[in-house]
Amino acid sequence: MTLILSLAVSILFGSGAYLMLKSDLIRVVIGMVMISHAASLLIMASGLTRGDAPIYPLPEGAPVSDPLVQAMTLTAIVISFGVSALLLSMVYRVYTSHLSLDLDDLAAAEEREETAQERENIVETAGAQDEAAAAPSPRQDTHPPNPDGDQS
Amino acid sequence: MILVLPLAIPWVAGVILAALDGRRRGAGWLAVLSLAAGLVATVWLAVDVHRHGPIGSVAGGWPGGVGIRLQADALGVLFAGLSLTVLLFALVFETLGGVRSRTFPACILLMATGLTGLFLTGDAFNFYVFFEIAMISAYVLTGYGERSRQLRAAMIFAVVNLLGSVLFLIAIAALYHVTGSLDMEEMRDRIPVVQENPAIITSAVLFVAFSVKLGLFPFHFWLPAVYTGTRPAVAAILSGALANIGSYGLLRFGADILPRELGLGAPALLILGSLSIIYGALQAVSRHVPGEALAYSAIGQVGYVLIALGLGGPVGYAAAILVTVVNSLSKTLLFLSANLRGWLVGAAFAVGALSVVGVPPAVGFLAKVALLRTSLSTATTPVQITMVALIVVGGALAFVYMFQIYQRAFWLAPENVDAPPSRAARRAVVVLLASLILALGLWPEPLLSLSEQAANVLPERGIP
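Residues numbered from 1 in each chain as written. Chains lettered and ligands numbered in written order. Predicted model: local features only at pLDDT ≥ 70, side-chain atom pairs only at ≥ 80, totals over all residues.

1. Describing the overall build of chain A
Right, on to step 1. When its secondary structure is counted, chain A shows 4 helices and 0 strands.
Right, on to step 2. Classification of the 152 residues of chain A by burial places 22% in the buried group.
Right, on to step 3. Contacts in chain A between residues far apart in sequence, at least 24 positions, make up 49% of those at least 6 positions apart. (Helix = DSSP H or I, 4+ residues; strand = E, 2+ residues; numbered from the N terminus. Buried ≥ 20, exposed ≤ 12 C-beta atoms within 10 Å, placed from the backbone. Contact = placed C-beta atoms within 7 Å.)

If you want it as structure tokens, here you go:
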């Protein structure tokens, strides 16, 4: 039984890790879910004992199985359920703001914003040097130098 | 009762606030009030622990060994107080500027719940549950602002740290398997009779899990993107409050429960810590955006925690705790002040910079002295020389990058000339935090004795 469980854990973890390295965000989330299931199975495997059901009143003399791992697994499943929902909603927000779920597209967007920001910095420095150029340059959403120092 | 209050106040307030609109002024101030109440309760608990020693209670009135144990000792209480202070500063800062998301105050309070919970629990699985409470609110907070930049940061942060949490859960399952208990005290008693191999593998997994949270050198890849992507208050929370989980976890699970394995891994800790310091400092020197340089500086600073842990002994543990406290306060100050304008803010930033560098009036000096004391207390001369050289070089590099940032943010930045100074109330928060750092540096006795007391909780291990 331990062997079967450890095989299952390793297959789940391995495929989860493989999916997490993909560039599609949905696959990343599914990979994450599979890895957390691997962890849940591992908790079950960590307390495998043969015995009767641990329901009160306990049977005299006979061993009971370990109830603690099941409680832990249940908690872990609930947590990973909540986290998956959160992750999916974050993926949805990323999709609505980038119109893409591909990590390459996101990286490209990051680069675009960074170059825009650098260009802006150069314009600002030049503007400060001849003092006259007080015209506000078109701002991106990255680093507007507004008085409260907000970044958005 | 006294043990439950620091946990219950932010918890209840967080649940209530989750139903309210956080953008309203009233909700924001309600959050500030309840977080302050939680901090007062924690300080009260700390005073009690200081006078009468550790307090423990079993939830639900179950007999010991069956129920889940809450436990407050000097170490946990110090970390809880520190994290709540940082959260309070960040929350007041953001409330004064106007909160932009309805979930922000609730998330801060739930994170406070998670953090105090994990610092005050005596049960390894409960540690994981509170850890997840804190992490989930952190995932939501990283997306605060909801611009594409923050959303990308939140995505990276959530995926990497979830993996870290799962690794931690696996380590807990492994610890349960080898010790047959989830109670930290029982684990500590049983671990010496556990065979070496399983214990070493378990501690390696634990180490990786906490290093991901800390952003230590080989596990740091997520950190710069996240710290520069998020808003200043959130970056301050992540580096000032959430990163404490990593240091506390390493102290609690490494030094307290698995001291033998920590001793075996000490050379690895020293090497990784040194690499982290050098790498973080060099990267920070080469960065131009203040937020990015600060992010790399955070990677460098956690290296000191690791070095102090690796050198070990009561002096080393006290140094590790002191470095964590100092680092968390100064990083909060730096992240909050780097984007504000006005001359007092510049002075506050300079105080934070001095604290990171380790120059006397600021509290960072104490951390540097403690680190030097630790390295001189080791037995072998080569280790002594390397460590002292490393600390001096790290400090010098920190001086370079800190004043590069200062120059860029407060002297060269053209908007400085025209832009009006930031809102006075926000500046006041920053100045208050700066004076706290200065005060702790000028009157170091309480902090020093607190960190020593916290280090005394941990079992002694020979200095290598």
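2. Let's talk about the overall build of chain B
Right, on to step 1. When helices and strands are tallied, chain B shows 19 helices and 2 strands.
Right, on to step 2. Taking the principal axes of the C-alpha coordinates as reference, chain B spans close to 70 × 55 × 40 Å.
Right, on to step 3. Within the span of chain B, comprising 464 residues, buried residues form 61% of the whole.
Right, on to step 4. Counting only contacts in chain B whose residues sit at least 6 apart along the sequence, the fraction spanning at least 24 positions is 78%.

3. Considerations on the nonpolar core
For soluble globular proteins, the rule of thumb is that nonpolar side chains tend to be buried together.
All names here are of chain B.
Right, on to step 1. One finds Leu87, Ala134 and Ile237 to be the most contacted residues of the largest nonpolar core, which totals 206 residues.
Right, on to step 2. No other element matches the 18 residues that helix α6 (residues 148-179) contributes to this core.
Right, on to step 3. Contact partners of Ala134, with chain neighbours within four places excluded, come to Met111, Gly114, Leu115, Leu118, Leu242 and Ile245. (Core = buried A, V, L, I, M, F, W, Y, C linked by C-beta atoms within 7 Å.)

4. Some thoughts on the environment of B:Leu84
All names here are of chain B.
Right, on to step 1. Counting through the fold element by element, Leu84 comes out in helix α3 (residues 74-97).
Right, on to step 2. Leu84 sits in the buried class, given 25 other C-beta atoms within 10 Å.
Right, on to step 3. Here the alpha-carbon distance between Leu84 and Ala36, two residues 48 residues apart in the chain, equals 8.3 Å.
Right, on to step 4. Sequence-distant contacts of Leu84, that is, excluding residues within four places in its chain, are made with Leu35, Gly38, Leu39, Thr42, Ala112 and Thr116.

5. Here we look at the packing of helix α13 (residues 313-337) of chain B against helix α14 (residues 343-357) of chain B
Residues and elements named next belong to chain B.
Right, on to step 1. Close contact between α13 and α14 brings their axes to 9 Å; oriented N to C, the two are set at 150°. By the angle between their axes, α13 is roughly antiparallel relative to α14. You can see that α13 and α14 cross each other, and the crossing is left-handed. In this structure, α13 contributes Val326, Ser330, Leu333, Leu334 and Ser337 to the contact, and α14 contributes Val345, Ala348, Phe349, Gly352, Ser355 and Val356. (Axes fitted to C-alpha atoms, helices over the stretch in contact; angles between N-to-C directions. Parallel < 35°, antiparallel > 145°, perpendicular 65-115°, else oblique. Left-handed = near helix turned anticlockwise from the far one by under 90°.)

6. Some remarks on the packing of α6(B) against helix α8 (residues 196-214) of chain B
Residue and element names in this part refer to chain B.
Right, on to step 1. Between α6 and α8, the least distance of the axes is 8 Å, while the angle of their chain directions is 155°. In terms of their interaxial angle, α6 and α8 are classed as roughly antiparallel. Taken as a pair, α6 and α8 cross one another with a handedness that is left-handed. From α6, Val160, Asn161, Gly164, Leu167, Phe168, Ile170, Ala171, Ala174, Leu175 and Val178 reach across to α8, where they touch Pro198, Ala199, Thr202, Val205, Leu206, Val208, Ala209, Val212 and Lys213.
Right, on to step 2. Considered class by class, the residues forming the contact of α6 with α8 number 15 nonpolar, 3 polar and 1 charged. (Nonpolar A, V, L, I, M, F, W, Y, C, P; charged D, E, K, R; others polar.)

7. As for the domain arrangement of chain A
When the parts of a complex come together, some accessible area is lost, and that lost area is often taken as the interface size.
Residue and element names in this part refer to chain A.
Right, on to step 1. Split into domains, chain A comes out as domain 1 (2-52 + 64-101) and domain 2 (103-152).
Right, on to step 2. Taken together, the contacts link 4 residues of domain 1 with 5 residues of domain 2.
Right, on to step 3. Its residues assigned to classes, the side of domain 1 that touches domain 2 comprises 1 nonpolar, 3 polar and no charged. (Domains from an automatic or database assignment.)

8. Remarks on unusual backbone geometry
With the exception of glycine, the majority of residues adopt a negative phi angle, and the majority of peptide bonds are in the trans configuration.
All names here are of chain A.
Right, on to step 1. At Leu99, a residue that is not glycine, the phi angle is positive and equals roughly 55°.
Right, on to step 2. Take Leu99: it is sitting in the loop between α3 (68-98) and α4 (103-129).
Right, on to step 3. Take Leu99: there are 9 C-beta atoms within 10 Å of it, and that puts it in the exposed class.

9. Section: helix α1 (residues 2-20) of chain A
Residues and elements named next belong to chain A.
Right, on to step 1. Taking 1.5 Å per residue, 19 residues should reach 27 Å; α1 reaches 26 Å between its end C-alpha atoms and fits that length.
Right, on to step 2. Turning to α1, its buried residues are Val9, Leu12, Phe13 and Gly16. Looking straight down α1, one finds its buried side chains confined to an arc of 95°; they lie on one side. Those residues of α1 that are exposed and aimed more than 90 degrees away from the buried face are Leu3, Ile4, Leu7, Ser10, Ile11 and Tyr18.
Right, on to step 3. Those residues of α1 that are buried are in contact with α2 (25-46). (Expected span 1.5 Å × (residues − 1). Arc of directions from axis to C-beta.)

10. So, the confidence of the model for chain B
Residue and element names in this part refer to chain B.
Right, on to step 1. Averaged over chain B, the pLDDT score is 85; the fraction of residues at 70 or greater is 96%.
Right, on to step 2. Considering each helix and strand of chain B separately, the mean pLDDT is smallest for helix α17 (residues 415-418), with a value of 51, and largest for helix α4 (residues 104-119), with 92.
Right, on to step 3. Interface scoring of the predicted complex returns ipTM 0.84; its pTM is 0.87. (pLDDT = per-residue confidence, 0-100.)

11. Brief notes about the environment of B:Gly22
All names here are of chain B.
Right, on to step 1. The topology assignment puts Gly22 in the loop between α1 (5-19) and α2 (25-52).
Right, on to step 2. It is 9.4 Å that separates the C-alpha atoms of Gly22 and Thr95, two residues lying 73 residues apart in sequence.
Right, on to step 3. Dropping the residues within four chain positions of it, Gly22 is found in contact with Leu17, Ala27, Gly28, Val99, Ser101, Arg102, Thr103, Phe104, Pro105 and Ala106.

12. With respect to the confidence of the model for chain A
Right, on to step 1. Within chain A, residue pLDDT values average 78, and 78% of them lie at 70 or more.
Right, on to step 2. The secondary structure element of chain A with the lowest average pLDDT is α4(A), at 70, and the one with the highest is α1(A), at 92.

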